[in-house]
Amino acid sequence: MAMSAGSAEGEPMMDINTTPLIDVMLVLLIMFIITIPVQTHAVKLDLPQNSNENTPPPIQPVKNEVRVLPNNDVTWNGSPIDLTVLRQYLDQTQTMNPVPELHLRPDPQARYERVDQVLAVTKRAHVTKMGFIGNEAYAGL
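Residues numbered from 1 in each chain as written. Predicted model: local features only at pLDDT ≥ 70, side-chain atom pairs only at ≥ 80, totals over all residues. Heavy atoms only, no water.

## Observations concerning the packing of helix H2 (residues 83–94) against helix H3 (residues 112–124)
Then comes step 1: At a minimum axis distance of 9 Å, the contact between H2 and H3 shows a crossing angle of 35°. The element H2 and its partner H3 pack so that their crossing is right-handed. Only Arg114, Gln117, Val118, Val121, Thr122 and Arg124 of H3 make contact with H2, whose side of the interface consists of Leu83, Leu86, Arg87 and Leu90.
Then comes step 2: Class assignment of the residues belonging to the contact of H2 with H3 gives a composition of five nonpolar, two polar and three charged. (Axes fitted to C-alpha atoms, helices over the stretch in contact; angles between N-to-C directions. Helix = DSSP H or I, 4+ residues; strand = E, 2+ residues; numbered from the N terminus. Left-handed = near helix turned anticlockwise from the far one by under 90°. Contact = heavy atoms within 4.5 Å. Nonpolar A, V, L, I, M, F, W, Y, C, P; charged D, E, K, R; others polar.)

## Here's the deal with the nonpolar core
Then comes step 1: Counting 17 residues, the largest nonpolar core has Val66, Trp76, Leu86, Leu90 and Val118 as its most contacted members.
Then comes step 2: Of all elements in the fold, only strand E3 (63–68), strand E4 (74–76), H2, strand E6 (101–106) and H3 reach the threshold of two or more residues within this core.
Then comes step 3: Apart from the residues lying within four places of it in its own chain, the contact partners of Val118 are Val66, Val68, Val74, Leu83, Leu86 and Leu104. (Core = buried A, V, L, I, M, F, W, Y, C linked by side-chain atoms within 4.5 Å. Buried < 20%, exposed > 50% of the residue type's maximum accessible area, 1.4 Å probe, protein only.)

Below, the structure written as structure tokens:
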């Protein structure tokens, strides 16, 4: 540690130069901060397991049929689905070349509200090749 001389010629000054001490402490602090491992934040999720039992119904390359049953269930080529899965299938069909036709077959006993929900999903998916099947069932209503 260095000492500096005082103002008088023969009198030593007793102050300690702390600048090197502060420099060493700052270097140690920076090294300590760098070497601390970064804390990882994890959220534990129970993700669904992929099973071969529930394979989705295949998307046909020519035509696909969506039915609205009397109990208001929606089926895709005969397999029951919900509206979210219907949207996923419709999005997949719109990327195919050529785009397959979509045949909508609502049951006469199905609620119109459910048919309207299916139509809204097809509209949001920008389906262009769509046809209604079974309109003759509504002739007597």
